[in-house]
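Spelled out, the chains give:
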Amino acid sequence: TKLCPRTDINWLHALGFRYEEHRKNFYVDNHEDPGTVRYRWKFVHRYLLMETRAHRWIQITKSEMLELSTKHPILLKVGYQYVDKATNIDMVEFHVDTIPEFQDRMADVKFGGNLSIRIPPGFNPIFIIGQDECIFKQYLFRMKRWQHGETRAAMPKDDGAGVMISGFTSRELGWGLEITEDESFSICRAFPLRC
């Protein structure tokens, strides 16, 4: 006799199997491990110190800051105040991300911002480069599979050959790839949950 798929499914159910999403049966999340948290705070401190050497700053007069603070009160709480030695004018330095107007103003400035006036003497300006990658594997498993009871199917240790795509980016230089508007729409259609 010939078995149809429905008969196969009925037999699998009768034997105690169920078709469900694959779940990992062992996972350790060390993101909040005390050592990891300590390292994270050290990294943030180092990063913020390095940022004073990057093109991420805008300097405005104190009077301009007071005028802008009527719309953006945060400006009264942040910023580095100093006196310009050449003009003897009270100034305030802000990160370009503080308010949207700063980013708009710095959009046409090379690298998207000025260097900080607080850059330590003898230190060169820097670009902070970020990197990420993704791997496409030859044999990707489906999200669902037949499971029996509480036992989990043994998963192969290898997903097959893979291709890794890696990219580097910085705020100052971007990805280095120009994406047209049509390409951007095409990407959003292909991956709607990421746009």
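Residues numbered from 1 in each chain as written. Predicted model: local features only at pLDDT ≥ 70, side-chain atom pairs only at ≥ 80, totals over all residues. Heavy atoms only, no water.

A. View of the packing of aromatic side chains. Taken as a whole and assessed by the stated rule, the structure comprises 4 aromatic pairs. The interplanar angle of 20° and the centroid separation of 6.1 Å between the aromatic rings of Tyr80 and Tyr82 together place this pair among those described as stacked. Take Tyr80: its relative accessible area is 36%, and that puts it in the partly exposed class. The exposure class of Tyr82 is buried, given its relative accessible area of 15%. Ring geometry for Phe94 against Phe102: centres 5.4 Å apart, planes inclined by 35°, an arrangement best described as tilted. For the pair Phe94 and Phe102, a shared accessibility class is recorded, and that class is buried. A cation over a ring is seen here: Arg118 above Trp57, with NZ or CZ 4.9 Å from the ring centre. (Phe/Tyr/Trp six-rings, centres within 6.5 Å; stacked < 30°, edge-to-face > 60°. Buried < 20%, exposed > 50% of the residue type's maximum accessible area, 1.4 Å probe, protein only. Lys NZ or Arg CZ within 6 Å of the ring centre and 35° of its normal.)

B. View of unusual backbone geometry. The phi dihedral of Asn88 is positive, around 60°, even though this residue is not glycine. Of note, Phe111 is a non-glycine position whose phi angle comes to about 70°, a positive value. Tracing the backbone through its elements, the reader meets Phe111 in the loop between helix 4 (100-106) and strand 5 (130-137). Look at Phe111 and you get partly exposed, because its relative accessible area is 24%. (Helix = DSSP H or I, 4+ residues; strand = E, 2+ residues; numbered from the N terminus.)

C. Geometry of the nonpolar core. Formed by Ile58, Ile60, Met65, Leu68, Leu75, Val92, Phe94, Val96, Ile99, Phe102 and Met106, the largest nonpolar core amounts to 11 residues. When contributions to this core are tallied by element, the ones reaching two or more residues are strand 2 (57-61), helix 3 (62-69), strand 4 (90-95) and helix 4. Ignoring sequence-local partners within four residues, the contact set of Val92 consists of Ile58, Gln59, Ile60, Lys62, Met65, Gly79, Tyr80, Gln81 and Tyr82. (Core = buried A, V, L, I, M, F, W, Y, C linked by side-chain atoms within 4.5 Å. Contact = heavy atoms within 4.5 Å.)

D. Quick look at the sheet that holds strand 4. On the basis of which strands lie adjacent, the open sheet formed by 3 strands has the order 2-4-3 and antiparallel pairing. Every other strand in the sheet has two partners, leaving strand 2 and strand 3 (80-83) as the edge strands with one partner each. The average undirected angle you get between the axes of adjacent strands in this sheet is 30°. Bridge analysis of strand 3 against strand 4 gives 4 bridges, and the strand direction is antiparallel. Residue pairing in the sheet places Gln81 in a bridge with Val92 of strand 4. Strands strand 2, strand 3 and strand 4 of the sheet are contacted by helix 3, whose axis makes an angle of about 95° with strand 2. (Pairing = 2+ DSSP bridges. Axes fitted to C-alpha atoms, helices over the stretch in contact; angles between N-to-C directions.)

E. Layout of the side chain of His55. Position of His55 among the secondary structure elements: in the loop between helix 2 (34-51) and strand 2. Discounting chain neighbours no more than four positions away, the residues touching His55 are Phe111, Gly112, Gly113, Asn114, Leu115, Pro125, Ile126, Phe127 and Glu172.

F. Local environment of the environment of Ile99. One can find Ile99 in the loop between strand 4 and helix 4. On the basis of relative accessibility, which here comes to 3%, the residue Ile99 falls in the buried class. Remark: the alpha-carbon pair of Ile99 and His72, spanning 27 residues in sequence, is separated by 7.6 Å. Dropping the residues within four chain positions of it, Ile99 is found in contact with Leu68, His72, Ile74 and Leu75.

G. How the structure looks around the side chain of Arg53. Secondary-structure assignment places Arg53 in the loop between helix 2 and strand 2. In this structure, Arg53 is buried with no salt-bridge partner, the nearest side chain bearing the opposite charge being Glu172 at 11 Å. Those residues in contact with Arg53 that lie beyond four places of it in its chain are Leu115, Ile119, Pro120, Phe123, Asn124, Pro125 and Ile126. (Lys, Arg positive; Asp, Glu negative; His and termini not counted. Salt bridge = Lys/Arg side-chain N within 4 Å of Asp/Glu carboxyl O.)

H. Here's a closer look at the pattern of salt bridges. Here the structure, examined in full by the defined rule, presents 7 salt bridges. A salt bridge links Arg56 to Glu172, with the nearest nitrogen and oxygen atoms 3.4 Å apart. Placement of the pair is Arg56 in the loop between helix 2 and strand 2 and Glu172 in the loop between strand 7 (162-169) and helix 5 (181-190), with a sequence separation of 116 residues. Residue class for Arg56 comes out buried when judged on its relative accessible area of 2%. The class of Glu172 is buried, set by a relative accessible area of 9%. Here the salt bridges share partners, and the residues they tie into one network are Glu51, Arg56 and Glu172.

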